[in-house]
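# Coordinates in review
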Amino acid sequence: QVQLVESGGGSVQAGGSLKLSCAASGRTFSSYGMGWFRQAPGKEREFVTAITWSGGTTYYADSVKGRFTISRDNAKHTMYLQMNSLKPEDTAVYYCAAARYDDVRITRRNSYDYWGQGTQVTVSS
């Protein structure tokens, strides 16, 4: 069992930056692939980025490539999402999630077993 808690959301102007954190409970954090998803009002939850258990491989949605950076610190049981050059279309609730996979399947929403409660990110123009 893994429990996930996101933090770091907030409101920022376009072009600004935010850093999200996802704190995980459980001793097996390093065994899970981890990801960030987001859901805007009236839209489906979509993949943003993911990272393998070792941190050696990362995946990004085209819409955030070059602007967002995912990382993890297994010793601290924490995953991060550094978001730069934010745009109004990045406005959404951001969720972190944990998957029992450690390959390209962590880009797929239905691969994930555990989800956080979400944190709101609002980008104004």
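Residues numbered from 1 in each chain as written. Predicted model: local features only at pLDDT ≥ 70, side-chain atom pairs only at ≥ 80, totals over all residues. Heavy atoms only, no water.

## So, the sheet that holds strand β8 (residues 78–83)
Reading across the sheet, the 4 strands line up as β1-β3-β8-β7 and stay open at both edges, with antiparallel pairing between neighbours. Each edge of the sheet is formed by a strand with only one pairing partner; in this case those strands are β1 (4–7) and β7 (68–73). With direction set aside, neighbouring strand axes in the sheet form an average angle of 15°. (Pairing = 2+ DSSP bridges. Helix = DSSP H or I, 4+ residues; strand = E, 2+ residues; numbered from the N terminus. Axes fitted to C-alpha atoms, helices over the stretch in contact; angles between N-to-C directions.)

## Topic: the state of the cysteines
In this structure the tally under the stated criterion is 1 disulfide. The disulfide bridge from Cys 22 ends at Cys 96, spanning 2.1 Å between sulfur atoms. Disulfide Cys 22-Cys 96: the torsion about the S-S bond is 60°, which places it as right-handed. A residue pair is termed long-range when its members are at least 10 positions apart, and Cys 22 in strand β3 (residues 18–24) and Cys 96 in strand β9 (residues 92–99) qualify at 74 residues. Across this residue pair, the class does not change: Cys 22 and Cys 96 are buried. (Disulfide = S-S within 2.5 Å. Buried < 20%, exposed > 50% of the residue type's maximum accessible area, 1.4 Å probe, protein only.)

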